[in-house]
Amino acid sequence: MQCHRDQDALIPKPRGTLPKMCAAVLAAITVGCIMFLSPERLFGWVAMVILILTLGPLLHGLCLLAEEMLYHSNTRYRGRGLLSHVLPACGLEGKTVLTAGLAGILLYLDGQPLSNQGQCWKVLLLASTLYALFKSLGVLGPSEVEVSDICEGRKMNVAHGLAWSFYLGYLRLVLPRLENSIASFQSTHQYNGSSWGRGSKKLLILIPLNANISHKLEDEDDNISFHDNLPNSEIDRAGVRGRVYKHSVYRVVGEDMRKGRECVVEYATPLLTLYNMSQESSAGFGEPERRQQVLIFFRTLQNILEQSLECRNRYTLILLNDERKDDSHFLSKAILTHLQQQEKEEFCLTPRPKQDTVNPLANTSSVQPSVWHLNGRWQHPEPLSREPTIMISLEKPQPLKVPVEMSEHEDGPT
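Engineer: Whenever I open this one, the nonpolar core confuses me. Can you help?
Structural biologist: Buried together is how nonpolar side chains tend to be arranged in soluble globular proteins. Residues L171, L206, I207, L271, F297, L301 and I335 are the most contacted members of the largest nonpolar core, which totals 58 residues. Listed by contribution, the elements that provide at least two residues to this core are α9 (158-188), β2 (203-208), β6 (248-253), β7 (260-267), α11 (271-278), α12 (287-306), β8 (315-320) and α13 (330-345). Per element, the largest residue contribution to this core is 13 residues, and it comes from α9. With residues up to four places along the chain from it excluded, the contact list for I207 reads A268, L271, V294, F297, F298, L301, L317, I318, L319 and L320. Counting residues in hydrophobic clusters, the runner-up holds 15 residues, among them L58, Y77, A103 and L124.

Put into structure tokens, the structure is as follows:
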């Protein structure tokens, strides 16, 4: 379980609802204080604040709408209606307009803030217009945490697209064929002191946090050596007839250097894209963003594969922490640790064959599975077999409600 604990300590969890709960508590405390100090003005001031908070975003949405309608209506919204797409995209949604309208009606009916403060309308208009100005200038823009939460919630990160592409374009195609490929490989290769455990018959997918991938595993760790390739899988894909997919078999030895383990292991190829993007200045993708995207890629791919029936129990994701660069055999240790852990934690689900026995204390008045009536005589069958058999009786059919009478000369069970 140590491997899972190490991975859980690195993978960020999805953001929860704690900010909403904190905001609700603060709002309740504030409303309670105002109700205690001046209860007669509560509804008027609440309506005033709601109107300011909704009218400001509506004015900012109108500014966005002017830009979209003048310059982007044909290119970004081609073939889509104004009410169904453009207005919601600019933040001019029906619930915001309805909230502002209800707040205005409540403020007009209450009347106390307007009568006590003659400048309320001026404050309302000034606050709304200044909100639209500051929002356009980015002063009131969303924080980095809000942007990250939106991208993760709507699956808009680069890592989400790479994870889905890796699954749909590769893993879902090759993992169902992996077991047969390994069986074919084993039948044509001889091993000296090596073994294929149950965990070794899965595809080990390496995901380093720094996204820096070596094209040859033996360059990273001299305890890992290339052994051979599995038989190629040819699949017709995107107009290419017989596109070749292959996996490489590596032999990994431990610190004792006695016994080697064969396994099918490879890096997650989409990490090359993340690493190359961080090397391009025009991509605006630095090292901290790359690390965050690698973690999101791991979490997304893990969730996808856990729900995939085609890939279940055919893979192992190994998250490699790049902070341990001082150990030259870190990669081989990580692979062997996962293999040993899988062999200890996973159990074979194939049921053991049960022996069919006859209970001597069972009621013998009815026909037991250990005997049958054939050709007018009770006979004991041979030991039960797993192969299906057909038993034919030459007797005439008897009604179910009438018991079959046995003569005294017939041998029956005792």
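Anyway, onward from the coordinates.
Engineer: What am I meant to see in a nonpolar patch on the surface here?
Structural biologist: Together, L126, L130, L133, F134, L137, V139 and L140 line one region of the surface with nonpolar side chains, adding up to about 630 Å² of accessible area. Here L133 lies in helix α7 (residues 120-137).

Engineer: Explain the environment of L301 here, please?
Structural biologist: Relative to the helices and strands, L301 resides in helix α12. On a C-alpha basis, the gap between L301 and H160 in space is 8.2 Å, while along the polypeptide they are 141 residues apart. Here L301 is in contact with A163, F166, Y167, L171, I207 and L317, once residues within four sequence places are set aside.

Engineer: Explain the pattern of salt bridges here, please?
Structural biologist: Applying the stated criterion to the full structure yields 3 salt bridges. The shortest N-O distance in the salt bridge between E93 and K95 comes to 3.9 Å. For E93, a relative accessible area of 30% gives the class partly exposed. On the accessibility criterion, K95 (61% relative accessible area) is exposed.

Engineer: Help me understand the packing of aromatic side chains in this model?
Structural biologist: Geometrically, a pair of aromatic rings is defined through the distance of the ring centres and the angle of the planes. The full count for this structure, using the stated rule, is 5 aromatic pairs. Ring plane angle 75° and centroid distance 6.1 Å describe the contact between W164 and Y167, whose orientation is recorded as edge-to-face. Taken together, the residues W164 and Y167, both in helix α9 and 3 residues apart, mark about one turn of the helix. Both rings, one in Y170 and one in Y245, keep their centres 6.3 Å apart while their planes meet at 35°; by these two values the pair is tilted. One end of the pair, Y170, is in helix α9; the other, Y245, is in strand β5 (residues 240-245), and 75 residues separate them in sequence. Taken as a pair, Y170 and Y245 share a single burial class, namely buried. Cluster of aromatic residues (ring-pair linked, three or more members): F166, Y170, Y245 and F297.

Calculation rules
Residues numbered from 1 in each chain as written. Predicted model: local features only at pLDDT ≥ 70, side-chain atom pairs only at ≥ 80, totals over all residues. Heavy atoms only, no water. Core = buried A, V, L, I, M, F, W, Y, C linked by side-chain atoms within 4.5 Å. Buried < 20%, exposed > 50% of the residue type's maximum accessible area, 1.4 Å probe, protein only. Helix = DSSP H or I, 4+ residues; strand = E, 2+ residues; numbered from the N terminus. Contact = heavy atoms within 4.5 Å. Patch = residues over 30% accessible without salt bridge, like charges linked within 9 Å, V, L, I, M, F, W, Y side chains within 5 Å. Areas by Shrake-Rupley, 256 points an atom, 1.4 Å probe, with all protein chains shown as cover. Salt bridge = Lys/Arg side-chain N within 4 Å of Asp/Glu carboxyl O. Phe/Tyr/Trp six-rings, centres within 6.5 Å; stacked < 30°, edge-to-face > 60°.

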